[in-house]
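Spelled out from the first residue to the last, the chains are:
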Amino acid sequence: MKKTINVAIGGCSFTIDEDAYKTLDEYLERFRDALDKSSSSTDVMDELEGRIADLLKARMRGGEVVDLAMAQQVVGQLGYPDGYRVEEDKGKKDEYHYSGTDGENPARKLFRD
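Predicted model only: the values in this text are computed from it and were never measured.

The rules behind these values
Residues numbered from 1 in each chain as written. Predicted model: local features only at pLDDT ≥ 70, side-chain atom pairs only at ≥ 80, totals over all residues. Heavy atoms only, no water. Axes fitted to C-alpha atoms, helices over the stretch in contact; angles between N-to-C directions. Helix = DSSP H or I, 4+ residues; strand = E, 2+ residues; numbered from the N terminus. Parallel < 35°, antiparallel > 145°, perpendicular 65-115°, else oblique. Left-handed = near helix turned anticlockwise from the far one by under 90°. Contact = heavy atoms within 4.5 Å. Nonpolar A, V, L, I, M, F, W, Y, C, P; charged D, E, K, R; others polar. Core = buried A, V, L, I, M, F, W, Y, C linked by side-chain atoms within 4.5 Å. Buried < 20%, exposed > 50% of the residue type's maximum accessible area, 1.4 Å probe, protein only. Salt bridge = Lys/Arg side-chain N within 4 Å of Asp/Glu carboxyl O.

*Asks:* What should I look at first to understand the packing of helix α1 (residues 18-34) against helix α3 (residues 68-78) in this one?
*Replies:* Between two packed helices, the angle of one axis relative to the other and the distance separating the axes together describe the packing. Where α1 meets α3, the closest approach of the two axes is 8 Å, and the angle between their N-to-C directions is 20 degrees. Between α1 and α3, the crossing angle belongs to the class labelled roughly parallel. Read as a crossing pair, α1 and α3 show a hand that is left-handed. Between α1 and α3, the residues in contact are Asp19, Ala20, Thr23, Leu24 and Tyr27 and Leu68, Ala71, Gln72, Val75 and Leu78, respectively. A breakdown of the residues in the contact of α1 with α3 according to their chemical character gives 7 nonpolar, 2 polar and 1 charged.

Here it is, written out as structure tokens:
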């Protein structure tokens, strides 16, 4: 049996299992780190939590417990602020390097057939 936690997200109370809690907590921490420390960042975080609460309420039927799959769907729908994708981190890492002489990116050209 999984451990459940009662949390308030966006002013709404949810029962979340431990894995889903870790996923949402890491997601919110990544967002906090991406934002600057200005007063507008608290407003953005409040809006984000409200949106998460709305998405969770739409997926729940009655007194369900928010599980890991539901949390991953919400995070996948909202996306990360820096374009980070979970699949890229877990799977293969494609790295492309440009070894220019002066460190600049190469000039790109568009050709037409």
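*Asks:* Would you mind going over the nonpolar core with me for this structure?
*Replies:* Side chains of nonpolar character tend, in soluble globular proteins, to be buried together. Of all hydrophobic cores here, the largest spans 22 residues; its most connected members are Ile9, Phe14, Ile52 and Leu56. Secondary-structure elements contributing two or more residues to this core are β1 (4-9), β2 (12-17), α1, α2 (39-59) and α3. Ranked by the residues each element gives to this core, the list is headed by α2, at 6 residues. Setting aside residues up to four positions removed in sequence, Ile52 forms contacts with Ile9, Leu24, Tyr27, Leu28, Val74 and Leu78.

*Asks:* Explain the pattern of salt bridges to me, please; I cannot follow it from the model alone.
*Replies:* It is possible for side chains of opposite charge to pair when their charged atoms get near one another. Throughout the structure, instances matching the rule amount to 4 salt bridges. Among the ionic pairs, Asp19 bridges to Lys2, the shortest N-O distance being 3.4 Å. Here Lys2 lies in the segment before β1 and Asp19 lies in helix α1, a separation of 17 residues in the sequence. By relative accessible area, which is 31% here, Asp19 ends up partly exposed. On the basis of relative accessible area, Lys2 is assigned to the exposed category, the value being 53%. Residues joined by salt bridges that share partners form a network here, namely Lys2, Asp17 and Asp19.

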